[in-house]
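Observations on chain architecture
This is what each chain is made of:
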Amino acid sequence: MKILKIIVSVILFISPVLALNAQITVNQDRLKNRILNLAQFGIQENGETERVAFSDADLAAQKWVIEQLNSMNIENHIDFAGNVIGIRKGTKSNLKPISFGSHIDRVPHGGNYDGCVGSMAALEILQVLNENKVKTKHPLELIIFSNEEGGVMGSRAIAGHLGRSALGVKNSTGFTMGEGVMRLGGDTTRISEVTRKKGDVAAFLELHIEQGGILDKEKLNIGIVEGIVGLKWWNVEFNGFANHAGTTPMNARKDALLAASKFIIAVNDVATSFDGAQVATVGRISAESGAPNVIPGKVTTSLEIRDLSSEVIENVYAAIQKKAEEISAESGVEISFEKLDTTADPAIMDSSIQSEIEKSINSLGLSYKTMPSGAGHDAQDMALIAPTGMIFVPSKDGISHSPKEFTSATDMANGANVLLQTILSLDKKL
Ligand SMILES: [Zn+2]
């Protein structure tokens, strides 16, 4: 009896260890090679890659992804918005898919990792599940979203809020979004058919590089994204009085550029005076008449505010407006704000998915922190229709949207393993 007890307790003791060892993991070298192979599509003579959405390189990369899916016997198609969809069947036909993926289009002069890591990890996960003959209850759906960088086109279409007017917008290839959709194998006349309702997707997960320097600086493996910040844009106009720069005394001027300069400093002061992670930026300025010998009469600047909370954005904006009133009163320059229709609401990531990601990280013995995403992602739109989670891996020195962008193979594999374990645990739980 005593021996039996000892055996039982030994089994109980080692079973979590066995379970840990039984965890399947991604093939790091294969993941890295896929990243390098993908970077060949659009490679230039200087060794850097250009692959803006709708370019020939984008189309070739899309075709290559489809070949990869075919070679793994993963059923696939291009939807009407030009998204690549791959489905690995589940054992229960009534269940909605657990979906995951990212994008392979790039900003002009961008890097090899933004979007590509999540996309190639998604392929690797399907392959490693096939190799290990792992069956899941849910269908697993890979999504490579079309034209992420030019306005999260594919994910907006799936979430049902890609406006018709967006289809007329051109990107740097010279093609409009509508032409681009057709080039990618979609169909603009049927684009609304890709829209999914709440409940059509069991869960959505996106692995992505951080594109900031926090994980790299703090030497952490993984970021659990708590939400994607919302952003609001304004044009700010400063109307002073253009006059002779030689004959107008300093105390008789209404210098719009001087007022704008004080405003720019005030924006920075306000954003840093609040507790929290809100950011506010003036990124563009133009002055009229723009001559060295004329006091600037009219200046236009941009204003952008981002935060996880719409309320914080409004509070920061209100404080900036108050400062603008003070600047206006003392300078005699009129300041007006015009809100632009380029706003994105904050997207909060699903808390139970966040805790599943955390469990996966712990089971792999990795370090992590919970953090907001300051950049927009396809996950932002997917969060409108499905419980969504995002996993960040470090970007070296926080550099992104640059050919210098870099994430190590170990970091990519860590992120892919967290994604894989989270998919498997959600499959059991949902
Ligand atoms: Zn991206």
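That block above? That's the structure.
Just so you know, these numbers come straight off a predicted model, no measurement behind them.

The terminal C-alpha atoms of helix H9 (residues 310–331), which comprises 22 residues, lie 31 Å apart, in line with the 32 Å expected from a rise of 1.5 Å per residue. Restricting attention to buried positions, one finds in H9 the residues Ile 313, Val 316, Tyr 317, Ile 320, Ala 324, Ile 327 and Ser 331. Axial view of H9: buried residues confined to an arc of 100 degrees, hence all on one face. H9 presents Glu 311, Lys 322, Glu 325, Ala 329 and Glu 330 as exposed residues on the side facing more than 90 degrees away from its buried surface. Among the residues trailing H9, Gly 332 stands out with phi positive, at a value near 75 degrees.

Looking now at the packing of aromatic side chains. Enumeration over the complete set of coordinates arrives at seven aromatic pairs. Geometrically, the ring pair formed by Trp 234 and Tyr 317 is stacked, given 4.1 Å between the ring centres and 15 degrees between the ring planes. Taken together, the residues span a long stretch of sequence, with Trp 234 in strand S7 (residues 230–239) and Tyr 317 in helix H9 at a distance of 83 residues. Here Trp 234 falls in the buried class, since its relative accessible area comes to 2%. In this structure Tyr 317 comes out as buried when scored by relative accessible area, which is 11%. Ring pairing ties together the aromatic residues Trp 234, Phe 238, Phe 263, Tyr 317 and Phe 337, which thus form one cluster.

Turning our eyes to something else, we now look at unusual backbone geometry. Cis geometry marks the peptide bond from Glu 288 to Ser 289; its omega dihedral reads 5 degrees. One non-glycine residue, Asn 147, lies in positive phi territory at about 40 degrees. With respect to the helices and strands, the residue Asn 147 is situated in the loop between strand S4 (140–145) and helix H5 (153–159). A residue is classified by how much of its surface remains accessible, and Asn 147, at 3% relative accessible area, is buried. The backbone of Lys 219 shows a phi angle near 55 degrees, a positive value even though the residue is not glycine. When you line up the elements, Lys 219 lands in the loop between helix H7 (214–217) and strand S6 (222–228).

Evaluation of the coordinates by the stated rule reveals 15 salt bridges. For Arg 30, the salt bridge is made with Glu 124, and the minimal N-O distance between the two is 2.7 Å. Of this pair, Arg 30 sits in helix H2 (residues 28–38) while Glu 124 sits in helix H4 (residues 116–131), and the two are 94 residues apart along the sequence. Take Arg 30 and Glu 124: they sit in the same class, and that class is buried. For Lys 369, the salt bridge identified is with Glu 218, shortest N-O distance 3.1 Å. Here the residue Lys 369 occupies a position in strand S15 (residues 368–373), and Glu 218 occupies one in the loop between H7 and S6, the gap between them amounting to 151 residues. With relative accessibility at 26%, the residue Lys 369 sits in the partly exposed group. In this structure Glu 218 comes out as partly exposed when scored by relative accessible area, which is 42%. Salt bridges sharing common partners tie together Arg 30, Arg 34, Glu 124 and Glu 131.

Definitions and limits used
Residues numbered from 1 in each chain as written. Predicted model: local features only at pLDDT ≥ 70, side-chain atom pairs only at ≥ 80, totals over all residues. Heavy atoms only, no water. Helix = DSSP H or I, 4+ residues; strand = E, 2+ residues; numbered from the N terminus. Expected span 1.5 Å × (residues − 1). Buried < 20%, exposed > 50% of the residue type's maximum accessible area, 1.4 Å probe, protein only. Arc of directions from axis to C-beta. Phe/Tyr/Trp six-rings, centres within 6.5 Å; stacked < 30°, edge-to-face > 60°. Salt bridge = Lys/Arg side-chain N within 4 Å of Asp/Glu carboxyl O.

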